[in-house]
Amino acid sequence: MQRYDLAIVGGGILGLAHALHGARAGLRVAVLERGARADGASVRNFGMLAIVAQRPGAQLDSARAALSTWQEVAAAAGIAMRRAGCLFVARHDAEMTVLEEGAAQAGSQGHDFTLLDAEAAHARAPGLRRDTVLGGLYSPDAWKLDQRGALARLSDWLARAHGVAFHFGTEVLAAGEGRVETAAGSFGADHVVLCGGEDFATLFPDAWAQSGVDVCRLQMLRTAPQPAGWRLGPFVLGGLSLARYDAFADCPGLPQLRAHQQAHQADALAHGVHVIAAQEEDGSVTLGDSHHYGADAAPADPAEVDEIILREFGGMLDLPEPAIARRWVGRYAHLPGQEVLTLAPAKGVTAVTVTNGQGMTHGFTIAARTIAGIVKQA
């Protein structure tokens, strides 16, 4: 029976972050992943490290610490990563008011925001509609990862540079008391870390149910590659994002913006839509997304949700090649008012689940904290 100091269940970004910090702590680490490669929330996203979206204080500090690790790891592992920046776009006076307030608060809250008039906003992002966009708020503090290739490169580098053992195609059936039982046999482990809600829910259903954590289902789309040489530049986000991101939570104009959205964008609110656009390395543009909460919360008409996303996006920006080439559904664990859930469902087992959809942004910081606790207990 192969034996490790630390066995990690789940090969998504949270699992790989724990593998990195475990290896740096001198532990013999194995990652057990049911798929040939991870294909969950860590891949089905925008590849956005959203420093710009964080509430000042502990949340912003966590994101910045994780970014520092990403920068180091990306350079070593050959992961495509660029400082894309982020442009929040206003199409209505209520949105522009919140952007102005966000800019005014930025200096005291640790954010780097620049308020832009319509012309300056258009200069930042080619394709913004001149007939609808009133202005924008720009921040350089958003980084774009190649989310489709990052995990494979990170896994390969962890194996090569840190001796992490990877067991892909290995479904875990039980964990605890120094052992991990899989369909491929048993592994010994002084400690097991479960990363990913699906594994947690399956292996420890009672603890999962008692925690109150639920599932968020989201819809996303991707266009065909845009013409050679055409670049969107920053992440582009609309006014619906302002009411969802903690960075704007203290803006006095937020209640008025919410009222405006309820009056004019009620269908988007009903499906949890807020629009993000990000251009990929191959020139395609990823669009999304929606949010439906609950294990069985699929919308009655998913096509209607896609149309709402496209309508809201089309109100801000015109693409040279708007045809949609791919559509998909993602899932992540969700617990209102909480960013991460950490439990000990059995002796020698720690379950860690990001519960706000920001695993890419905070995963390395969360993992550092978890591993420090495990090492301290040893």
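Just so it is clear, the structure is predicted and the values come from calculations on it, not from any experiment. (Residues numbered from 1 in each chain as written. Predicted model: local features only at pLDDT ≥ 70, side-chain atom pairs only at ≥ 80, totals over all residues. Heavy atoms only, no water.)

Let us now look at the overall build of the chain. Per the secondary structure count, the chain includes 12 helices and 20 strands. In terms of overall dimensions, the chain is globule-like: its C-alpha atoms have a radius of gyration of 21 Å, near the 21 Å expected for 378 residues. Along the three orthogonal principal directions, the C-alpha set of the chain runs to about 65 × 45 × 40 Å. Taken across its 378 residues, the chain has 57% of its residues classed as buried. For the chain, the computed accessible surface area is about 14900 Å², with 50% contributed by carbon and sulfur atoms. Where the 31 positive side-chain charges of the chain centre and where its 40 negative ones centre are 6 Å apart. (Helix = DSSP H or I, 4+ residues; strand = E, 2+ residues; numbered from the N terminus. Rg over C-alpha atoms; globule rule 2.2 N^0.38 Å. Buried < 20%, exposed > 50% of the residue type's maximum accessible area, 1.4 Å probe, protein only. Areas by Shrake-Rupley, 256 points an atom, 1.4 Å probe, with all protein chains shown as cover. Lys, Arg positive; Asp, Glu negative; His and termini not counted. Charge placed at Lys NZ, Arg CZ, Asp CG, Glu CD.)

Enumeration over the complete set of coordinates arrives at 15 salt bridges. Among the ionic pairs, Arg148 bridges to Asp282, the shortest N-O distance being 3.5 Å. Residue Arg148 is found in helix H5 (residues 147–162), and its partner Asp282 is found in the loop between strand E15 (276–279) and strand E16 (285–288); the two are separated by 134 residues along the sequence. A residue is classified by how much of its surface remains accessible, and Arg148, at 38% relative accessible area, is partly exposed. The class for Asp282 is partly exposed, based on a relative accessible area of 41%. For the salt bridge of Glu181 with Arg179, the shortest nitrogen-to-oxygen distance reads 2.9 Å. The exposure class of Arg179 is partly exposed, given its relative accessible area of 35%. Sharing partners across several salt bridges, the network here consists of Arg91, Asp267, Arg311 and Glu312. (Salt bridge = Lys/Arg side-chain N within 4 Å of Asp/Glu carboxyl O.)

For the rest of this paragraph, the subject is the nonpolar core. The biggest cluster of nonpolar side chains holds 44 residues, and the ones touching the most others in it are Ile8, Trp70, Ile79, Leu154, Leu158, Val164 and Phe364. Residues within four places of Ile79 in sequence aside, it is in contact with Trp70, Val73, Ala74, Leu145, Ala150, Arg153 and Leu154. Counting 34 residues, the second largest nonpolar core, distinct from the first, contains Phe46, Cys216, Ala278 and Trp328. (Core = buried A, V, L, I, M, F, W, Y, C linked by side-chain atoms within 4.5 Å. Contact = heavy atoms within 4.5 Å.)

Let's shift gears to helix H1 (residues 13–24). Between its first and last C-alpha atoms H1 spans 16 Å; for 12 residues at 1.5 Å apiece the expected length is 16 Å, and the two agree. H1 sits mainly inside the fold: 11 of its 12 residues count as buried. Among all positions of H1, only Ile13, Leu14, Gly15, Leu16, Ala17, His18, Ala19, Leu20, His21, Gly22 and Ala23 are buried. (Expected span 1.5 Å × (residues − 1).)

Right, let's get into the packing of H1 against helix H12 (residues 359–377). Two numbers describe how H1 lies on H12: the axes approach to 8 Å, and their chain directions differ by 40 degrees. By the angle between their directions, the pair H1 and H12 is classed as oblique. Of the two elements, H1 crosses H12, and the hand of that crossing is right-handed. Contact residues: H1 offers Ile13, Leu14, Ala17, His18, Leu20, His21 and Gly22, while H12 offers Gly359, Met360, Gly363, Phe364, Ile366, Ala367, Ala368, Thr370 and Ile371. Considered class by class, the residues forming the contact of H1 with H12 number 10 nonpolar, 6 polar and no charged. (Axes fitted to C-alpha atoms, helices over the stretch in contact; angles between N-to-C directions. Parallel < 35°, antiparallel > 145°, perpendicular 65-115°, else oblique. Left-handed = near helix turned anticlockwise from the far one by under 90°. Nonpolar A, V, L, I, M, F, W, Y, C, P; charged D, E, K, R; others polar.)

Time to look at the sheet that holds strand E4 (residues 81–83). In space, the 3 strands of this open sheet follow the order E3-E8-E4, with antiparallel pairing throughout. Only two strands of the sheet have a single neighbouring strand rather than two, namely strand E3 (48–49) and E4. Across 2 bridges, the pairing between E3 and strand E8 (residues 143–145) is antiparallel. Directly across from Met48, in E8, lies its bridge partner Lys144. (Pairing = 2+ DSSP bridges.)

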